[in-house]
Amino acid sequence: MKLRGALYTGVLMLAAACAAAEDYKIGYVDGFRIENESAPALRALERLKEEFAPREKKIEELQKQIAVAQDQLARTGDKMPLAERQARERALAVMMRQSDQMSLGLAEDLELRKSQERARIIEEADIVIKAIAEAGKYDLVLQQATYSSRGIDITEQVLKEMEKRAAAKQGR
């Protein structure tokens, strides 16, 4: 019985030694760089700016109107009748609430659209990473790591491939 246990232990140690001697090819991709530097991410940022620019402009215009109304009320408020002053203060408060609601709505919608774009970019990056891993015969590709050496970082390769694919899509 003891011989059998020693034999199993020896076989396991031999198998572990063989597995440790085998070379593995490992790659690392910096997800932060993919989300911020890739061609699809930069195009998405431009699309979002264009999409939300009109709403931002409306909010800025309303805030300018509020500033003018506040300035006018501060300068002439003491000289006007109480009823008129109160009416202007109420109108100013309504404008300020409207500005706050518009700003909050814009921020929520923008965050939702950013999340949608981010998900699309990550999905596209995963496809590219898988293709690079298969072509390069990687055993393991990590997207999160506490530390990685430059020797295993394939982020630049992924960025270039994503740029090629984005250019091909635009060329259609």
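Structure first, text after, so check above.
Fair warning: this is a prediction, and the values are worked out from it, not measured in the lab. (Residues numbered from 1 in each chain as written. Predicted model: local features only at pLDDT ≥ 70, side-chain atom pairs only at ≥ 80, totals over all residues. Heavy atoms only, no water.)

**Remarks on the side chain of threonine 155**
Move 1: Turning to its location among the elements, threonine 155 is positioned in helix α5 (residues 155-171).
Move 2: Separated by 2.7 Å, the side chain of threonine 155 and the backbone nitrogen of aspartate 30 make a polar contact.
Move 3: Ignoring sequence-local partners within four residues, the contact set of threonine 155 consists of Tyr28, Val29, Asp30, Arg33 and Ile34. (Helix = DSSP H or I, 4+ residues; strand = E, 2+ residues; numbered from the N terminus. Polar contact = N/O pair within 3.5 Å; in protein donor to acceptor, adjacent residues only side chain to side chain. Contact = heavy atoms within 4.5 Å.)

**Notes on helix α3 (residues 39-76)**
In an α-helix, one turn spans 3.6 residues, which is why side chains three or four residues apart end up on the same side.
Move 1: Over its 38 residues, α3 extends 54 Å from the first C-alpha to the last, a length consistent with the 56 Å expected when each residue adds 1.5 Å.
Move 2: Of all the bends in α3, the greatest reaches close to 45° and is centred on alanine 53; the proline proline 54 follows between one and four positions later.
Move 3: Contact partners of the buried residues in α3: α2 (31-37), α4 (82-135) and α5. (Expected span 1.5 Å × (residues − 1). Bend = angle between axes of the 7 residues up to and from the residue.)

**Considerations on the nonpolar core**
Move 1: If you look at the biggest cluster of nonpolar residues, it comprises 15 residues, and the most contacted ones within it are Val29, Ile34, Ile121, Ile154, Val158 and Met162.
Move 2: Once residues lying within four places of it in the same chain are set aside, the contact partners of valine 29 are Ile34, Ile129, Val141, Leu142, Gln143, Ile154, Thr155 and Val158.
Move 3: Ile66, Leu73, Met80 and Met95 belong to the second-largest nonpolar core, a separate cluster that totals six residues. (Core = buried A, V, L, I, M, F, W, Y, C linked by side-chain atoms within 4.5 Å. Buried < 20%, exposed > 50% of the residue type's maximum accessible area, 1.4 Å probe, protein only.)

**What to know about the packing of α3 against α4**
Move 1: Orientation of α3 relative to α4, taken along the N-to-C sense of each, is 170°, at an axis distance of 10 Å. Taken together, α3 and α4 sit at an angle that is classed as roughly antiparallel.
Move 2: Here the contact of α3 with α4 is built from residues that sort into 17 nonpolar, nine polar and 14 charged. (Axes fitted to C-alpha atoms, helices over the stretch in contact; angles between N-to-C directions. Parallel < 35°, antiparallel > 145°, perpendicular 65-115°, else oblique. Nonpolar A, V, L, I, M, F, W, Y, C, P; charged D, E, K, R; others polar.)

Any functional reading would require information that these geometric values do not contain.
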